[in-house]
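Fold and geometry: a report
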Amino acid sequence: MLKITSFFSSLVLRLFSMETYCLNFSGFRFEKAENCGQEFDDLWSRCRERLDKKIITCKDSRYLNWKYLHSPNMNRHIYCLRKQDRLCGFVVLESTTEIGYIVDILA
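Given the structure is predicted, the values throughout are model-derived calculations rather than measurements.

Turning our attention to the pattern of salt bridges. Two side chains that carry opposite charge are able to pair once their charged atoms sit near each other. All chains considered together, the criterion is met by 6 salt bridges. For E31, the salt bridge identified is with R29, shortest N-O distance 3.6 Å. The exposure class of E31 is partly exposed, given its relative accessible area of 28%. Residue R82 pairs with E31 through a salt bridge whose shortest N-O separation is 2.6 Å. Of this pair, R82 sits in strand β2 (residues 76–83) while E31 sits in strand β1 (residues 28–33), placing them 51 residues apart in sequence. The network of salt bridges with shared partners includes R29, E31, E39, R82 and D85.

Here it is as structure tokens:
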């Protein structure tokens, strides 16, 4: 009986979360960033206000370019989340030959 209940509960949760996922991402798009500029500074300024008393590394364009895009011997890529040409967040991925890692994320 427990397995049947668990199966149906999992199915219902999966259906609801899929609907929420599709609704939340309408109008958003992802794209790869070749360079971090002023829009990353603007995103950092907006996020910094919400993170007033938290400990977090400064994630402005200078830091992101230095740490992730111009670092030697690293295969890192920044993907941007945009809505109507406004930067809403980013994720930094590092890949090796077989495995990929999320190195940084801000949204």
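The sheet contact formed by β1 and β2 spans 6 bridges and is antiparallel. From the neighbouring strand, A33 faces β2, where its bridge partner is I78. Where β2 meets strand β3 (residues 86–95), 8 bridges bridge the pair, whose relative direction is antiparallel. Across the sheet, L81 pairs through a bridge with G89, a residue of β3. Hairpin connection from β2 to β3: 2 residues lie between these consecutive antiparallel strands, with Q84 at a positive phi of about 50 degrees.

So, about the packing of aromatic side chains. Under the definition given, this model contains 3 aromatic pairs. Measuring from ring centre to ring centre gives 5.9 Å for F40 and F90, while their planes differ by 55 degrees; the resulting arrangement is tilted. Residue F40 is found in helix α2 (residues 38–50), and its partner F90 is found in strand β3; the two are separated by 50 residues along the sequence. An aromatic cluster of three or more residues is present, and its members are Y63, W66 and Y68.

Here is what the cut-offs are and how they apply
- Residues numbered from 1 in each chain as written.
- Predicted model: local features only at pLDDT ≥ 70, side-chain atom pairs only at ≥ 80, totals over all residues.
- Heavy atoms only, no water.
- Salt bridge = Lys/Arg side-chain N within 4 Å of Asp/Glu carboxyl O.
- Buried < 20%, exposed > 50% of the residue type's maximum accessible area, 1.4 Å probe, protein only.
- Helix = DSSP H or I, 4+ residues; strand = E, 2+ residues; numbered from the N terminus.
- Pairing = 2+ DSSP bridges.
- Phe/Tyr/Trp six-rings, centres within 6.5 Å; stacked < 30°, edge-to-face > 60°.

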